[in-house]
Amino acid sequence: YHSAYELDSTSRDVLFGLADVNFHSGDRERAFKLYQTILVQHRDTQSDEDTVLVYHRLGAIKKTEGEDRKALNYFEKALEVNPNATDTLTNVIELHEKSEDWEGVIEAKRALAEVADGDEQFALFNEIGDLYASNLGNTKKASEALYQALDLRPTDYPLLHKLLDLFTRGKEWEDSIAIIDRIVEIEQRPQRRSKYNYTAAVLLRDNLED
C-alpha cells in the first residue's frame, strides 16, 4: 500500500487500504489523516456505505483517544447518512450513557429498535421504558415504551408487573385495573387470580368509587 500510495496518493482504493491497515495496526494518527483525506477527495463519489464506514472509523479513533465529544460528532455524521447503522448506534449509546444524556440514549435505542426484531427489539423497548421511568421520571412515555414491548410479548408476566407497579405508583387506577385484568387472564393459579381480582375490587371501591 505504501508503494502504491507513492505512485498515486489520490486513489480511493489505495487510501482506503492504507487507512484500514493503519487503523487495525493501531497507528490511529496516520489512519485518521488518511480517512479525512478520503472524505475530502472522494466524499461525493463513493457509496453511502463507505462514507458511513469512514465517519465511523474517525469516531472510533477519537473515542479510543478519549475525545468523546469529537467522537460523537463523527458518529452523528455517520448516522446522518444511515440513521440505522447498528455499530455506530451502539457507540453513540455508550457515549451518551457515559455523559448521562438519557434522551440521547433513548433516541439511539429507538433507532436500533427499528432494525431489530424478536428478543432484541423487546429488550430495547423494555430498556427505553426503564430509562423514562427511572432516569427521566416520565411515566407516560415509560408506559408507552413498555406497551410497545408488551405488543411483542402480550403474556410476559414480569413486564405486566412492571407496568402494574408503574401505574399504581402514579395512581393511574384505571390503567392499573386494566393490567390486573390482563394478568388474571394468564394466571393459572386460582388463589393468585382471586388475589388479583380482590385487588382490582379494592381499587375500584376506594379510588374510583365504583
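Residues numbered from 1 in each chain as written. Predicted model: local features only at pLDDT ≥ 70, side-chain atom pairs only at ≥ 80, totals over all residues. Heavy atoms only, no water.

**Q** Even after reading the chapter, I still don't get the overall build of the protein chain, so can you show me in this structure?
**A** Regarding its fold elements, the protein chain presents twelve helices and zero strands. Listing the helices and strands of the protein chain from first to last along the sequence gives α-α-α-α-α-α-α-α-α-α-α-α. For the protein chain, the C-alpha radius of gyration of 25 Å lies well beyond 17 Å, the compact-globule estimate for 210 residues. Here the C-alpha coordinates of the protein chain stretch approximately 85 × 30 × 30 Å along the principal axes. (Helix = DSSP H or I, 4+ residues; strand = E, 2+ residues; numbered from the N terminus. Rg over C-alpha atoms; globule rule 2.2 N^0.38 Å.)

**Q** Sorry if this is basic, but what is going on with helix α2 (residues 12-25) here?
**A** Side chains that are three or four residues apart share a direction in an α-helix, a result of its 3.6 residues per turn. Between its first and last C-alpha atoms α2 spans 20 Å; for 14 residues at 1.5 Å apiece the expected length is 20 Å, and the two agree. Listed in full, the buried residues belonging to α2 are Val-14, Leu-15, Phe-16, Gly-17, Leu-18, Ala-19 and Asn-22. Against the buried residues of α2 lie α1 (2-7), α3 (28-42) and α4 (48-64). Positive phi shows up at Gly-26, right after α2, with a value of about 95 degrees. (Expected span 1.5 Å × (residues − 1). Buried < 20%, exposed > 50% of the residue type's maximum accessible area, 1.4 Å probe, protein only. Contact = heavy atoms within 4.5 Å.)

**Q** It is not clear to me how the packing of aromatic side chains should be interpreted in this structure. Could you clarify?
**A** One pair of aromatic rings is described through two measures. These are the centre distance and the angle between the planes. Throughout the structure, instances matching the rule amount to four aromatic pairs. Here Phe-16 and Tyr-35 contribute two aromatic rings whose centre-to-centre distance is 6.5 Å and whose plane-to-plane angle is 75 degrees, an arrangement assigned as edge-to-face. Of this pair, Phe-16 sits in helix α2 while Tyr-35 sits in helix α3, placing them 19 residues apart in sequence. Looking at Phe-16, the relative accessible area reads 9%, which means it is buried. Centroid distance Phe-23 to Tyr-35: 6.3 Å. Interplanar angle 75 degrees. Geometry classified as edge-to-face. Here the residue Phe-23 occupies a position in helix α2, and Tyr-35 occupies one in helix α3, the gap between them amounting to twelve residues. You can call Phe-23 partly exposed: its relative accessible area is 23%. The ring of Tyr-5 has Arg-30 sitting right over it, with the charged end atom 5.4 Å from the ring centre. (Phe/Tyr/Trp six-rings, centres within 6.5 Å; stacked < 30°, edge-to-face > 60°. Lys NZ or Arg CZ within 6 Å of the ring centre and 35° of its normal.)

**Q** Just checking my understanding: could you explain the packing of helix α7 (residues 102-115) against helix α8 (residues 118-134) for this structure?
**A** Describing two packed helices takes the angle between their axes plus the distance from one axis to the other. Relative to each other, α7 and α8 sit at 160 degrees, their axes nearing to 9 Å. Relative to α8, α7 is oriented roughly antiparallel. The two elements α7 and α8 cross, and the hand of that crossing is left-handed. Contacts between α7 and α8 involve Trp-102, Val-105, Ile-106, Lys-109, Arg-110, Leu-112 and Ala-113 from the first element and Gln-121, Leu-124, Phe-125, Glu-127, Ile-128, Leu-131 and Tyr-132 from the second. A class-by-class count of the residues in the contact of α7 with α8 yields ten nonpolar, one polar and three charged. (Axes fitted to C-alpha atoms, helices over the stretch in contact; angles between N-to-C directions. Parallel < 35°, antiparallel > 145°, perpendicular 65-115°, else oblique. Left-handed = near helix turned anticlockwise from the far one by under 90°. Nonpolar A, V, L, I, M, F, W, Y, C, P; charged D, E, K, R; others polar.)

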